[in-house]
Amino acid sequence: MPTSKISAAMQKRLALAARQAMKHAYAPFSNFKVGAAILTARGHIFVGCNVENSSYGMTNCAERTAIFSAVAKDGPDLEILAVAVANAAGVPCSPCGACRQVIFEFGPRAIILYQGVKGDKQSPITDLLPEGFRLK
Ligand code: THU
């Protein structure tokens with residue numbers, strides 16, 4: 001499935017929005033603050049941050065926070081075109097496996113913008129999650 005081109009200006013906007021959201025992270029356990037911004041096919045941007053919990057497994061990643069906010073605001077016919085991820089430590093950070101599956105559900109053509117091992121990187125979600133699972 002072909003991915004759509006995200007303009008340089010939009011990439012910058014998403015990166016900035018992710019960085020802003022990162023400041024709201026609730027990460028007292030890992031101290032690893034993450035922000036995410038998604039661009040939808042309607043042209044809307046939604047942001048999220050990680051929200052941890054004393055019961056560690058309840059933690060919600062920044063990417064899923066952004067996606068769930070988008071569904072809550074715009075409805076279930078969400079199409080994600082791009083996801084930008086930022087972290088306060090300035091280290092490589094691509095979406096975790098669970099988030100890849102959630103991104104794929106709503107954005108099989110999405111481009112992911114993140115810090116890779118060699119600096120800023122872009123990957124189609126299908127490169128990060130080949131053979132993602134779908135019921136329909
Ligand atoms: N985390 C995210 O929010 N997004 C990622 O892409 C990687 C990991 C969070 C989960 C947890 O709160 C903390 O980072 C450390 O794993």
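Here, every reference points to the structure presented above.
The following paragraphs examine the structure supplied in this document. What you see is a predicted model, and the numbers here were worked out from it, not measured in a lab. (Residues numbered from 1 in each chain as written. Predicted model: local features only at pLDDT ≥ 70, side-chain atom pairs only at ≥ 80, totals over all residues. Heavy atoms only, no water.)

1. Description of the nonpolar core
Part 1: One finds Ile38, Ile67, Ile80, Val83, Ile103, Ile112 and Ile125 to be the most contacted residues of the largest nonpolar core, which totals 22 residues.
Part 2: Of all elements in the fold, only β1 (34-40), α2 (62-74), β3 (80-87), α3 (97-106), β4 (111-116) and α4 (125-128) reach the threshold of two or more residues within this core.
Part 3: Among the elements that line this core, the one with the most residues is α2, at four residues.
Part 4: Ranked by size, the runner-up nonpolar core spans 14 residues in total, among them Ile6, Ala18, Ala82 and Ile111. (Core = buried A, V, L, I, M, F, W, Y, C linked by side-chain atoms within 4.5 Å. Buried < 20%, exposed > 50% of the residue type's maximum accessible area, 1.4 Å probe, protein only. Helix = DSSP H or I, 4+ residues; strand = E, 2+ residues; numbered from the N terminus.)

2. Some words on the side chain of threonine 65
Part 1: Here threonine 65 is to be found in helix α2.
Part 2: Looking at threonine 65, the relative accessible area reads 18%, which means it is buried.
Part 3: Not counting the four nearest positions on each side in its chain, threonine 65 is found in contact with Gly48, Cys49 and Asn60. (Contact = heavy atoms within 4.5 Å.)

3. What to know about the pattern of salt bridges
Part 1: Within the structure shown, the criterion is met by three salt bridges.
Part 2: Its salt-bridge partner being arginine 42, residue aspartate 77 comes within 3.3 Å of it at the nearest N-O pair. Remark: arginine 42 occurs in the loop between β1 and β2 (45-49) and aspartate 77 occurs in the loop between α2 and β3; sequence separation between them is 35 residues.
Part 3: A residue is classified by how much of its surface remains accessible, and arginine 42, at 47% relative accessible area, is partly exposed.
Part 4: The structure contains a network of salt bridges with shared partners spanning Arg42, Asp74 and Asp77. (Salt bridge = Lys/Arg side-chain N within 4 Å of Asp/Glu carboxyl O.)

4. Here's the deal with a nonpolar patch on the surface
Part 1: On the surface, Tyr26, Phe29, Val51 and Tyr56 cluster together to form a nonpolar patch covering roughly 430 Å² of accessible area.
Part 2: With respect to the secondary-structure elements, valine 51 resides in the loop between β2 and α2.
Part 3: The partly exposed category is assigned to valine 51, whose relative accessible area is 36%. (Patch = residues over 30% accessible without salt bridge, like charges linked within 9 Å, V, L, I, M, F, W, Y side chains within 5 Å. Areas by Shrake-Rupley, 256 points an atom, 1.4 Å probe, with all protein chains shown as cover.)

In short, geometric facts, not functional conclusions.
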